[in-house]
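Observations on chain architecture
Listed below, chain by chain, are the residues.
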Amino acid sequence: MFNTRDGQFDAGQIPTRYRTFEVQSLTPHIGAEVQHVDLGAPLSNEQAQDIHDAWLDWKVLVFRDQHLDRDQHKAFGRRFGRLHVHPMQHQYKGDPEILTVKTTAKSPYTAGDGWHTDVTCDPVPPLGSMLYVTETPESGGGDTLFADMYLAYELLSDPIKAFLDGLTAVHDGAIPYVGSYKSTPPEGGYPRNEHPVVTRHPGTGRKILYVNQGFTSHIVGLSRAESRAVLDMLYRHIASTPRLWCRVAWEPNTLTFWDNRCTQHHAVWDYYPHSRYGERVSILGDRRPTA
Ligand code: SIN
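Residues numbered from 1 in each chain as written. Predicted model: local features only at pLDDT ≥ 70, side-chain atom pairs only at ≥ 80, totals over all residues. Heavy atoms only, no water.

Pairing is antiparallel across the open sheet formed by three strands, whose spatial order is β8-β7-β11. At either end of the open sheet lies a strand with only one pairing partner, and these are β8 (192–196) and β11 (216–219). If you compare each strand with its neighbour and ignore which way they point, the axes differ by 25° on average. As judged from the three bridges shared by strand β7 (residues 168–172) and β11, these two strands associate in the antiparallel manner. Paired with Val 170 across the strands is His 218, a residue of β11. (Pairing = 2+ DSSP bridges. Helix = DSSP H or I, 4+ residues; strand = E, 2+ residues; numbered from the N terminus. Axes fitted to C-alpha atoms, helices over the stretch in contact; angles between N-to-C directions.)

Now the structure itself:
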């Protein structure tokens, strides 16, 4: 069990020094590279608490030069909770707790190529994910953008905040998994669940804008046209406000651990016809998102 972090630090005031390591920030409010932690070695409780604190503070943590086999990757994930099994795993052979993220010149799509939060169609979406990239495109490119969804909420005007508070939206797995990836749904279909449009982070108490272009189909109680207009306005806000983002430039053997409750990400497919390979472990959330 980890301690929570109450409240918030102002941008530029987030700690860079923890008891067992220092971090180098990517922006003043989201993204930090953790220095000198070997994730392949067993972590002390103090190190694990520091990683948890830094992860709540920075939302996206980048660990360079890691040499992990699958068991070590999963063991690191398990320090933070039980591992998630992706709804598309019925299609894949192999370890159900590892999601392969592989793009080549033959790929019809690359996973996560668009702003989204992972698997918000689930009743309890993953609380975090750890992507370990071992092959980067020889041409360069293949970065991942992450957006701070606390700040996305805070930058909205007061009337729009008041309008969104209290609304709920439906998140539907068929949108990406059938609509974009053309996969065959499992028996009973992909998950479809309703979550608040504005949630509160269980570890910090802060409010989060919680709709995403990947999964959110509509806002409950609005007409189809109203819901479309509101969602498009919010998606434009995320996609056209670089101040919300950090950019992770992968090198081989980089692991990035993001807080899936308060971020969105976008894997940039700008490296065709070259290849990129990684494996993702996600951690099951411990409760439904709440307002
Ligand atoms: C994802 O988890 O959506 C993929 C992210 C990436 O490949 O950078």
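With 28 residues, the main nonpolar core has Ile 51, Leu 61, Phe 63, Phe 76, Leu 255 and Phe 257 as its most contacted residues. Secondary-structure elements contributing two or more residues to this core are β2 (32–34), α1 (45–58), β3 (60–63), β5 (128–135), β13 (254–259) and β15 (276–283). The greatest single-element share of this core, amounting to five residues, is contributed by α1. Once you skip the residues sitting within four places of it in the chain, Leu 255 turns out to touch Leu 39, Leu 61, Val 62, Phe 63, Leu 68, His 73, Phe 76, Met 130, Leu 131 and Tyr 132. (Core = buried A, V, L, I, M, F, W, Y, C linked by side-chain atoms within 4.5 Å. Buried < 20%, exposed > 50% of the residue type's maximum accessible area, 1.4 Å probe, protein only. Contact = heavy atoms within 4.5 Å.)

Turning our eyes to something else, we now look at the pairing of strand β6 (residues 144–148). Note on strand geometry: in a regular strand, side chains alternate between the two faces of the sheet. Most of β6 sits inside the fold, with five of its five residues counted as buried. With burial as the criterion, each face of β6 is covered, one bearing Thr 144, Phe 146 and Asp 148 and the other bearing Leu 145 and Ala 147. In this structure, β6 lies alongside strand β12 (residues 245–248), joined through four bridges in antiparallel fashion. When the bridges of β12 are listed, Ala 147 appears paired with Trp 245. Taken together, the five bridges between β6 and strand β14 (residues 263–267) define a ladder with antiparallel strand orientation. Pairing of Asp 148 across the sheet is with Thr 263, part of β14.

In the vicinity of the ligand, the contacting residues are Val 101, Ala 111, Gly 112, His 116, Asp 118, Leu 131, Thr 144, Trp 258, His 265, Ala 267, Arg 276 and Arg 280. One of the side-chain nitrogen or oxygen atoms of His 116 is found 2.9 Å away from an oxygen atom of the ligand. The separation between an oxygen atom of the ligand and a polar side-chain atom of Arg 280 is 2.7 Å. Calculation on the ligand without its partners gives an accessible area of 260 Å², and the protein chains cover 98% of this total. One can see that the ligand is located within the largest pocket. (Near = heavy atom within 4 Å. Polar contact = N/O pair within 3.5 Å; in protein donor to acceptor, adjacent residues only side chain to side chain. Areas by Shrake-Rupley, 256 points an atom, 1.4 Å probe, with all protein chains shown as cover. 1 Å grid on protein atoms, 1.4 Å probe; cavity = no way out; pocket = protein on both sides within 12 Å on 5 of 7 lines; lining within 4 Å. Sits in = over half its atoms within 2 Å of the grid points.)

Before going further, it helps to spend a moment on the pattern of salt bridges. On inspection of all chains with the given rule, the structure shows 18 salt bridges. Where Lys 74 meets Asp 95, a salt bridge forms, and the shortest distance between an N and an O atom there is 2.6 Å. Of this pair, Lys 74 sits in helix α2 (residues 70–78) while Asp 95 sits in the loop between α2 and β4 (99–103), and the two are 21 residues apart along the sequence. Residue classification places Asp 95 among the partly exposed residues on the basis of a relative accessible area of 25%. Of the charged contacts, one joins Arg 192 and Asp 172 as a salt bridge, the two residues approaching to 3.3 Å between their closest N and O atoms. Taken as a pair, Arg 192 in strand β8 and Asp 172 in strand β7 lie far apart in primary sequence, 20 residues in all. With a relative accessible area of 14%, Asp 172 lands in the buried category. (Salt bridge = Lys/Arg side-chain N within 4 Å of Asp/Glu carboxyl O.)

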